[in-house]
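One letter stands for each residue in the lines below.
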Amino acid sequence: MENVTQISREDLEDLREAFNKIDIDNSGYVSDFELQELFREASFSLPGYRVREIVEKFMAGDTNKDEKLSFEEFVSIYQELKSKEIRETFRKCLARKDGIRSFGGTSGISSEGTQHSYADEEKVAFVNWINKALAKDPDCKHLVPMDPENESLFKSVKDGVVLCKMINLSEPDTIDERVINTKKLTTFTMNENLILALNSASAIGCTVVNIDPQDLKEGKPHLVLGLLWQIIKIGLFADIEISRNEALIGLLQEGEELDHLLAMSPEELLLRWVNHHLRAASWQPIRNLTEDIKDSKAYFYLLNQISPKGNGGDELRIDIDMTGISEPDDEQRAELMLQQAARLDCRQFVTPQDVVAGNHKLNIAFVANLFNMYPALQKPADSEIDHALLEGESREERTFRNWMNSLGVAPYVNHLYSHLMDALVILQLYERIGVPVDYRKVNRPPFPALGGRMKKLENCNYAVELGKREAKFSLVGIGGENINEGSTMHTLALVWQLMRRYTLKVLSDLGEGEKVNDQIIINWVNEALKEAGKGTSITSFKDKSISTSLPVIDLIDTIVPNSIKGEMVKRGELSSEDQLNNAKYAISMSRKIGAKVYALPEDLVEVKPKMVMTVFACLMGRGMKKADS
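Here the structure is a predicted model, which is why all the values come from computation and not from measurement. (Residues numbered from 1 in each chain as written. Predicted model: local features only at pLDDT ≥ 70, side-chain atom pairs only at ≥ 80, totals over all residues. Heavy atoms only, no water.)

Can you walk me through the overall build of the protein chain in this structure?
When its secondary structure is counted, the protein chain shows 26 helices and four strands. Looking at the protein chain residue by residue over its 629 residues, the buried ones come to 54%. Sequence-distant contacts, at least 24 apart, represent 62% of the contacts inside the protein chain between residues at least 6 apart. When the accessible surface of the protein chain is split by element, carbon and sulfur atoms take 49% of a total near 29100 Å². (Helix = DSSP H or I, 4+ residues; strand = E, 2+ residues; numbered from the N terminus. Buried < 20%, exposed > 50% of the residue type's maximum accessible area, 1.4 Å probe, protein only. Contact = heavy atoms within 4.5 Å. Areas by Shrake-Rupley, 256 points an atom, 1.4 Å probe, with all protein chains shown as cover.)

Dropping the structure here:
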């Protein structure tokens, strides 16, 4: 396309939101007949004949002949239309003259010659954050500090070290750092690091389905920034959860049940937190972190409320200079506000231009960092707390949730039960295991205030029906109402069978359709260990010897000979600490050799049969791939 108009980051995010609403099954595509509805969601209504013309033109050049459009293809059409006579019908105009960069390239899911865009402001924000976070890490001194003004970020990820370190900062102990290759890096060891990073990112809930090590070696900007944002966001949001920060209960509003607060996403809690402090400052609440913060005034009042007041002891007092709120120029006012944030060591993620432009992604990161540094909330008295509600998610629940999110389900699952109550995520998981979903029978959001519960229940009934009829799951005593009500036991029973089937489907696909069960996996493991001359074996996924992790470690060394460093493994009489260290090493090494393991080290130590099964199944899949190659 010639003379294509660039798209602002804000518009790009709006288009992505519109696309995701139509792409309800999260396949990454919309059908040609859904294009008119997609334009309507993008606030750009076209008459039917015009849409048909676009479809005919697109299909004529569609080399795949699949009659589907990817997001990148939709953006290309949007750009072409925006560049011609009907540009004035678009809802938004470009508010900024620069900041968006485009680069050519092809993608496995896009049409040839797709132009990918990335925001320069995001690159700058992430570079500054990484420079600060890894400044004292000796393993990163060859890369940090990076220059935010050039493309060094995209080159820095090619050895995998920075990615592994950032994952551990966001979710501590995800990667056993003994496994990261940091010395005398070669093409092979860098590739190992990248595989480790991608599989570990997946294990903490990042979607990496369209990213491979080669993409990162090449430093593809849109993929690097997308992955880094997911990793950084997980870290920023980690403590914005009531079970980890009970002071958040102080955000309850009059007449509101704690359950409602518990079901909120981190973004919703952040907005509630900002408004809590704005009300205390007698300033009007905001509705969002885009339009409503562009004048920086809400930020001034927020900073003034959360700044340390020096209430006795050694606590510093920092008085926020509010005079800048009277500055008539928006951009200069934002700069004066950020100077006050710098006094709290919180000038991160946003520039004055990002504030004035209402960049949602960077502003939410800015606010999350403020919350993590200065929550300024009063923890309620113990007598006011129902501790049974505040236990937080179990390891099993977190594993299931991360598994779902890594597959790219939409919306993102923050709470396993409340976010599955409409069954839309469950239906997407059915498709991942090869169970077809008839979306004509599915009620889509937004759900009406009246009757919305019934619409969600209908979805749940359909999900249970599919599980029984098509997937042949054991769902005795489980009805749609159990999922709709967020029943812990019933939801876990269904989700576990989905994850189990997904894991076994990978093996079945490798085995050309052969049915796989627990005994087949156990037999394969034992035969592989015996052939390699290892002294370990397992009788079942409950075998107590698994608590040492030695069968897992020996199997890894069997699949990829000499991958295990003997000095890292404890054998013989093992203490609890030895067992945990072995387990950490085993899980990280599994991911490093290419097995997408979601289980945690504690699952091996405690011999949790479900999670143990997934570990051996994933390793079997890796071993079968080796045999085929």
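Just to check I follow, could you spell out the packing of helix H23 (residues 550-559) against helix H24 (residues 576-592) for this structure?
Pairs of packed helices are described in terms of their axes, by the angle between the two and the distance that separates them. Between H23 and H24, the shortest axis-to-axis distance is 9 Å and the interhelical angle comes to 30 degrees. Like other packed secondary-structure pairs, H23 and H24 cross with a definite hand, here left-handed. Where H23 approaches H24, its residues Leu-550, Val-552, Ile-553 and Ile-556 are matched on the opposing element by Asn-582, Tyr-585, Ala-586, Met-589 and Ser-590. Each residue belonging to the contact of H23 with H24 can be placed in one class, and the counts come to seven nonpolar, two polar and no charged. (Axes fitted to C-alpha atoms, helices over the stretch in contact; angles between N-to-C directions. Left-handed = near helix turned anticlockwise from the far one by under 90°. Nonpolar A, V, L, I, M, F, W, Y, C, P; charged D, E, K, R; others polar.)

I'm lost on the environment of Leu-494 in this one. Help?
Secondary-structure assignment places Leu-494 in helix H21 (residues 488-510). Each C-alpha atom, one on Leu-494 and one on Ser-474, is 8.4 Å from the other, the two residues being 20 residues apart in sequence. Setting aside chain neighbours within four positions, we find Leu-494 in contact with Ile-426, Tyr-430, Phe-473, Leu-475 and Ile-483.

What's the story with the confidence of the model for the protein chain in this structure? I'm lost.
Should pLDDT be low for a region, the predicted coordinates there are not to be read in detail. With 86% of its residues at a pLDDT of at least 70, the protein chain reaches an overall mean of 88. Below a pLDDT of 50 lies the segment residues 85-98, which in the model reaches 30 contacts outside its immediate sequence neighbourhood of four places, other chains included. (pLDDT = per-residue confidence, 0-100.)

Even after reading the chapter, I still don't get H21, so can you show me in this structure?
An α-helical segment advances 3.6 residues per turn. Residues three or four places apart therefore align on the same side. With 23 residues, H21 should reach 33 Å at 1.5 Å per residue; the first-to-last C-alpha distance of 33 Å fits that figure. Backbone geometry just after H21 places Glu-512 at a positive phi near 55 degrees. (Expected span 1.5 Å × (residues − 1).)

What should I look at first to understand unusual backbone geometry in this one?
The phi angle of most residues is negative, glycine excepted, and most peptide bonds adopt the trans form. In this chain, Val-144 is followed by Pro-145 through a cis amide linkage whose omega measures 5 degrees. Looking at the secondary structure, you find Pro-145 in the loop between helix H5 (120-133) and helix H6 (152-156). A cis amide bond, omega 0 degrees, links Pro-445 with the succeeding residue Pro-446. Mapping Pro-446 onto the fold places it in the loop between helix H18 (424-432) and helix H19 (452-469). Its identity is not glycine, yet Asp-173 carries a phi of approximately 70 degrees, on the positive side. Looking at the element boundaries, Asp-173 is found in the loop between helix H7 (161-170) and helix H8 (187-203). When its relative accessible area of 55% is taken as the criterion, Asp-173 is described as exposed.

Before we go on, may I ask you to explain the packing of helix H10 (residues 221-237) against helix H16 (residues 360-373) in this structure?
Following both chains from N to C, one finds H10 and H16 inclined at 30 degrees, their axes separated by 9 Å at the closest point. With respect to H16, the element H10 is oriented roughly parallel. In the packing of H10 onto H16, the handedness of the crossing is left-handed. Counting all contacts with H10, which are made through Trp-229, Leu-236 and Phe-237, the residues of H16 involved are Lys-361, Ile-364, Ala-365, Ala-368, Asn-369 and Asn-372. The residue inventory of the contact of H10 with H16, partitioned by class, reads six nonpolar, two polar and one charged. (Parallel < 35°, antiparallel > 145°, perpendicular 65-115°, else oblique.)

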